[in-house]
Amino acid sequence: MTAFDELYQEIILDHSRSPRGAADLSRLPDSLVVENPTCGDSIKLEVELDAGGTISALRFDAKGCAISTASASLLFEGLVGMRSAEAREHAESFIAALRGDLPLDTLDEMGDIVALKGVAAYPQRVKCATLAWHAFLGALERAEAR
Ligand code: ZN
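Residues numbered from 1 in each chain as written. Predicted model: local features only at pLDDT ≥ 70, side-chain atom pairs only at ≥ 80, totals over all residues. Heavy atoms only, no water.

Caption draft 1: Representation of the overall build of the protein within the structure. In terms of regular secondary structure, the protein is built from four helices and three strands. From first element to last, N terminus to C terminus, the protein shows the α and β order α-β-β-β-α-α-α. Here the protein has a C-alpha radius of gyration of 14 Å; the compact-globule value for 146 residues is 15 Å, and the two agree. Referenced to the eigenvectors of the C-alpha coordinate spread, the extents of the protein come out at roughly 45 × 30 × 25 Å. Buried residues in the protein amount to 46% of all 146 residues. A separation of at least 24 residues holds for 60% of the contacts in the protein among residues at least 6 apart in sequence. Here the protein holds 14 positive side-chain charges and 23 negative ones, and the gap between their average locations is 6 Å. (Helix = DSSP H or I, 4+ residues; strand = E, 2+ residues; numbered from the N terminus. Rg over C-alpha atoms; globule rule 2.2 N^0.38 Å. Buried < 20%, exposed > 50% of the residue type's maximum accessible area, 1.4 Å probe, protein only. Contact = heavy atoms within 4.5 Å. Lys, Arg positive; Asp, Glu negative; His and termini not counted. Charge placed at Lys NZ, Arg CZ, Asp CG, Glu CD.)

Written out as C-alpha cells, the structure reads:
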C-alpha cells in the first residue's frame, strides 16, 4: 500500500465513523429514500438553498456500509457553500468519473473527495460511493423547485 492509499483509507474511516452532516430525517417521507439494494445502503438527503442559490444547508440520514456513509459525509463537506449549478456539475462529474465515463483524475480537483478514487476499481462499491450523490441531485432538484 502506498502512503496515499493509507491516507485515503484513513479519510474514509474517519468520515464513516463520524459523518459530517448526518441528521435524523424521519420527518421526511420514506418516498425520498434512495437505495442501493446490492449492498443494503439507503439514504435520505435534504438540501437548502439561500436566496442567492447557494447551498446553505445539507443534511442526510444514511444507513449502510462505511463507503456509502463516508461518501455522504465527504459530499457534505465538499458541497455546502457552493452555488447550486456548480454543485450539480461537481456531483455529475463525480458519478461519471467513478463509472469510468470521465477520467478518474477528475476527482483530484475535489479536495478530500479524492479519497474515494480507489473505489472505481470495485464496480459493486461504486454503487455504494455514488448513492449519496444521486440522492443529492434529486434533493437539489426539489430545493430548486421550492
Ligand atoms: Zn455499500
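Caption draft 2: Fine view of the layout of surface pockets. In this model, the largest pocket occupies a volume close to 330 Å³. Contributing to the lining of the largest pocket are 13 residues, with Q9, I12, I67, G118 and V119 lying nearest its centre. Elements that contribute at least two residues to the lining of the largest pocket include exactly helix 1 (3-17) and helix 2 (66-79). Sorting elements by how many residues they give to the lining of the largest pocket places helix 1 first, with five residues. Counted by class, the lining of the largest pocket contains eight nonpolar, two polar and three charged residues. (1 Å grid on protein atoms, 1.4 Å probe; cavity = no way out; pocket = protein on both sides within 12 Å on 5 of 7 lines; lining within 4 Å. Points joined across faces, edges and corners; volume = space filled by probe spheres on them. Nonpolar A, V, L, I, M, F, W, Y, C, P; charged D, E, K, R; others polar.)

Caption draft 3: Spatial organisation of helix 4 (residues 123-145). Under the 1.5 Å per step criterion, the end-to-end length of helix 4 is 33 Å for 23 residues, consistent within 8% with the ideal 33 Å. At T130, helix 4 is bent by approximately 40°, the largest bend along its length. (Expected span 1.5 Å × (residues − 1). Bend = angle between axes of the 7 residues up to and from the residue.)

Caption draft 4: View of the packing of helix 2 against helix 4. Contact pair helix 2 / helix 4: the axes reach a minimum separation of 8 Å and the direction vectors enclose 40°. If you check the angle between helix 2 and helix 4, you find them oblique. Helix 2 and helix 4 meet at a crossing whose hand is right-handed. Facing helix 2, whose interface residues are I67, S68, S71, A72, L75 and L79, helix 4 presents R125, C128, A129, A132, W133 and F136. Looking at the contact of helix 2 with helix 4, its residues break down into nine nonpolar, two polar and one charged. (Axes fitted to C-alpha atoms, helices over the stretch in contact; angles between N-to-C directions. Parallel < 35°, antiparallel > 145°, perpendicular 65-115°, else oblique. Left-handed = near helix turned anticlockwise from the far one by under 90°.)

Caption draft 5: Spatial organisation of the pattern of salt bridges. For the structure on display, the rule yields 10 salt bridges. In this structure, D30 and K44 form a salt bridge, with 3.3 Å as the shortest nitrogen-oxygen distance. You can see D30 sitting in the loop between helix 1 and strand 1 (34-36) and its partner K44 sitting in strand 2 (residues 41-49), a full 14 residues away along the chain. Residue class for K44 comes out buried when judged on its relative accessible area of 7%. Of the charged contacts, one joins R88 and E144 as a salt bridge, the two residues approaching to 2.5 Å between their closest N and O atoms. On the criterion of sequence distance, the pair formed by R88 in helix 3 (residues 84-99) and E144 in helix 4 is long-range, its members being 56 residues apart. (Salt bridge = Lys/Arg side-chain N within 4 Å of Asp/Glu carboxyl O.)

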